[in-house]
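Each chain is listed here by its residues.
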Amino acid sequence: MSELSHRAPTDWKTDAMQKRIRKRYRAERRFRLIGMSAVVISAAFLFFLLATMIGNGAAGFMRTEVSLPIDFKSAPLEVDRTQLATRGADLALAGAGLEDRVQNAATAAFGEKGEELIAENAWTAVRDAIKEDPNLLSQSTHIWVPASSELDAAADGVGEPEFRTIVRQLRERGALQSGFNASFLSRADSTDPTAVGIWGALKGSMLTMLVTLLIAFPIGVLSAVYLEEYAPKNRWTDLIEVSINNLAAVPSIIFGLLGLAVFLGMLGLPRSAPLVGGLTLALMIMPVIVIAGRNAIKAVPPSIRDAALGIGASRVQVVFHHVLPLALPGILTGTIIGMARALGETAPLLLIGMRAFIVTPPGGVFDPATVLPVQIFLWSDEVSRGFIEKTSAAIIVLLAFLLAMNALAIYLRNKFETRW
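This one's a predicted model, so the numbers in the text were calculated from it and none came from an experiment. Once a new chain begins, its residue numbering starts again from 1 and follows that chain's sequence as written. Only residues with pLDDT of at least 70 are given local features in this predicted model, and only at 80 or more are side-chain atom pairs given and counted; all residues enter the totals for whole chains, interfaces and linings. Only heavy atoms go into the side-chain values, all of them from the structure, while hydrogens and water stay out.

Below, the discussion takes up the UniProt feature "domain: ABC transmembrane type-1" (unreviewed entry) in the chain. UniProt positions are given in the numbering used here, feature names are shortened, and annotations may be inferred rather than shown by experiment. This chain's UniProt record puts "domain: ABC transmembrane type-1" (unreviewed entry) on residues 202-409. Every helix listed is a DSSP run of H or I at least four residues long, and every strand listed is a run of E at least two residues long, numbered separately from the N terminus. Helix makes up 76% of residues 202-409 and strand 0%, and the two end C-alpha atoms of the span are 19 Å apart.

Our focus in this paragraph is helix H12 (residues 315-343). One fewer than the residue count of a helix, multiplied by 1.5 Å, yields its expected span. Between the first and last C-alpha of H12 there are merely 37 Å, a value that for 29 residues lags more than 12% behind the 42 Å anticipated at 1.5 Å per step. By definition, a residue's bend is the angle between the axes fitted to the seven residues ending there and the seven starting there. At Leu324, H12 shows its maximal bend, which comes to roughly 50°, and the proline Pro325 appears one to four places after that position.

Each patch is built from salt-bridge-free residues with over 30% relative accessible area, joining like charges within 9 Å and nonpolar side chains (Val, Leu, Ile, Met, Phe, Trp, Tyr) within 5 Å. Accessible surface is estimated by sampling points in the Shrake-Rupley manner with a 1.4 Å probe; for residues, cover comes only from the protein chains shown. Salt bridge, as used here: a side-chain nitrogen of Lys or Arg that lies within 4 Å of a carboxyl oxygen of Asp or Glu. The sign given to each residue is positive for Lys and Arg and negative for Asp and Glu; His and the chain ends receive no count. Where a charge lies is defined by one atom per residue type, namely NZ (Lys), CZ (Arg), CG (Asp) and CD (Glu). Residues Lys19, Arg22, Lys23, Arg26, Arg29, Arg30 and Arg32 make up a contiguous surface patch of positive charge. Within the secondary structure, Arg32 sits in helix H1 (residues 15-57). Throughout, exposure labels follow a simple rule: accessible area from a 1.4 Å probe, protein chains only, divided by the maximum for the residue type, with under 20% read as buried, over 50% as exposed, and the rest as partly exposed. A relative accessible area of 51% places Arg32 in the exposed class.

To continue, consider helix H10 (residues 274-298). Under the 1.5 Å per step criterion, the end-to-end length of H10 is 34 Å for 25 residues, consistent within 8% with the ideal 36 Å. Along H10, the helix axis deviates most sharply at Ile285, where the bend reaches about 40°; the proline Pro287 sits within four residues downstream. The buried fraction of H10 is high, at 21 of 25 residues.

With that settled, the discussion passes to the domain arrangement of the chain. Those domain boundaries reflect an automatic or database domain assignment. Splitting the chain by domain gives domain 1 (65-179) and domain 2 (198-416). One C-alpha centre belongs to domain 1, the other to domain 2, and the line joining them spans 46 Å. The contact criterion used is simple: two residues touch if any of their non-hydrogen atoms lie within 4.5 Å. Contact with domain 1, which involves five residues of that partner, is made by four residues of domain 2. We define buried area as the total accessible area lost by two parts upon association, computed with a 1.4 Å probe and summed across both. Both faces considered, domain 1 and domain 2 share a buried interface measuring about 280 Å² in area, 37% of it formed by carbon and sulfur atoms. Scanning the region where domain 1 abuts domain 2 turns up zero salt bridges. We define a polar contact as two N or O atoms separated by no more than 3.5 Å, with the added condition that, inside protein, one atom must be a possible hydrogen donor and the other a possible acceptor, whereas residues neighbouring each other in sequence contribute only through side-chain atom pairs. The interface formed by domain 1 and domain 2 holds zero residue pairs in polar contact (both at pLDDT 80 or more) in total.

Pairing of aromatic rings covers Phe, Tyr and the six-membered ring of Trp, with a centre-to-centre limit of 6.5 Å; geometry is then stacked below 30 degrees between planes, edge-to-face above 60, and tilted otherwise. Scanning all chains against the criterion turns up three aromatic pairs. Plain terms: the ring middles of Phe184 and Trp379 are 6.3 Å apart, the flat faces sit at 40° to each other, and that makes the pair tilted. You can see Phe184 sitting in the loop between strand E3 (176-180) and helix H7 (199-230) and its partner Trp379 sitting in helix H14 (residues 372-380), a full 195 residues away along the chain. The exposure class of Trp379 is buried, given its relative accessible area of 2%. Ring centres of Trp379 and Phe387 lie 6.3 Å apart, and the angle between their planes is 45°; this geometry places the pair in the tilted category.

Laid out in structure tokens, this is it:
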């Protein structure tokens with residue numbers, strides 16, 4: 001018998017086989033290295049994005065203030081003090097020339113260009129101080145007022161040399177301070193970068209997302225249940241399925257045109273309202289929820305349905321007591337993707353008028369409002385340098401809102417998840 005007849009069908013000790021094994025191991029190591037490199041590169045890009053946004057936006061949450069000396073004792077402000085405790089206090093102080101008095105005080109304290117060192121709305125800080133303590137109207141006092149955007153930039157070390165020199169002089173006199181700008185989180189839009197706030201846009205986004213969720217989620221889930229559990233398989237249901245799949249890929253601006261024509265043109269709903277924005281975004285994300293819901297329902301094992309029917313459950317009980325709870329984690333995953341897409345959309349909301357200049361936060365879904373992505377877009381188009389930091393700060397707020405919304409959805413998904 002020859003030597004080959006004594007060998008096993010697969011002789012792992014031969015040189016040829018050892019060479020093939022080493023080649024396969026090298027291929028596996030290369031594949032593992034490529035996969036690890038892809039993860040590292042993705043993490044590096046994410047870290048770079050977050051570091052850039054946080055680095056640029058951190059200054060947007062800070063405010064520089066100047067100590068402004070004002071002498072109300074030698075030149076009293078002609079205002080009725082009894083009005084300071086009423087709603088007409090703001091008009092009374094404005095009518096008495098408080099704004100001019102503040103600008104004159106800045107010129108007297110800091111020189112010819114003194115009014116360039118304080119913000120346009122600096123007089124409102126003095127107004128608020130007087131409303132809190134009317135006795136200031138008979139005193140010579142120092143009031144901290146917001147600095148101008150040029151002086152604020154110089155305080156961060158990126159302004160013009162002239163203003164940086166002024167910053168150094170004011171700090172030596174103890175007349176300059178920087179701190180967290182809490183008003184940025186409580187105010188709405190403004191023409192002055194030192195007075196803008198994100199609360200108006202943030203509240204508008206919350207109301208818009210609430211309308212979107214309340215409309216898209218139940219309709220999308222019920223549509224998925226019907227198409228997967230009840231709808232007959234014929235030409236019409238095939239056409240509906242193809243249409244839903246196509247709608248999921250339609251550009252978002254098309255839904256904006258649809259919202260403009262239907263909700264504003266035909267139905268006459270209020271322009272720039274969160275209700276219209278929510279309806280438009282609901283139409284946009286509904287196909288995503290339907291597709292994810294159908295896949296999640298289809299993934300439930302048929303044995304669950306057979307067992308429920310075997311013990312006498314009705315068709316509706318099988319769907320809502322057994323199938324739908326088991327499919328809920330997958331449905332929530334699709335909802336997370338759809339809501340995240342809706343939160344970052346700008347084009348459809350621009351078409352329905354949610355790019356208006358809103359100085360008052362909306363009180364409900366029928367009030368004029370804007371949303372975070374649109375507010376970021378509007379601020380990025382401003383000429384003033386002070387809006388650059390506010391734009392990055394608004395992006396940080398948008399990311400935080402998105403992470404909070406996704407964290408809540410993931411928590412609910414994990415809570416309802418069932419393993420078998």
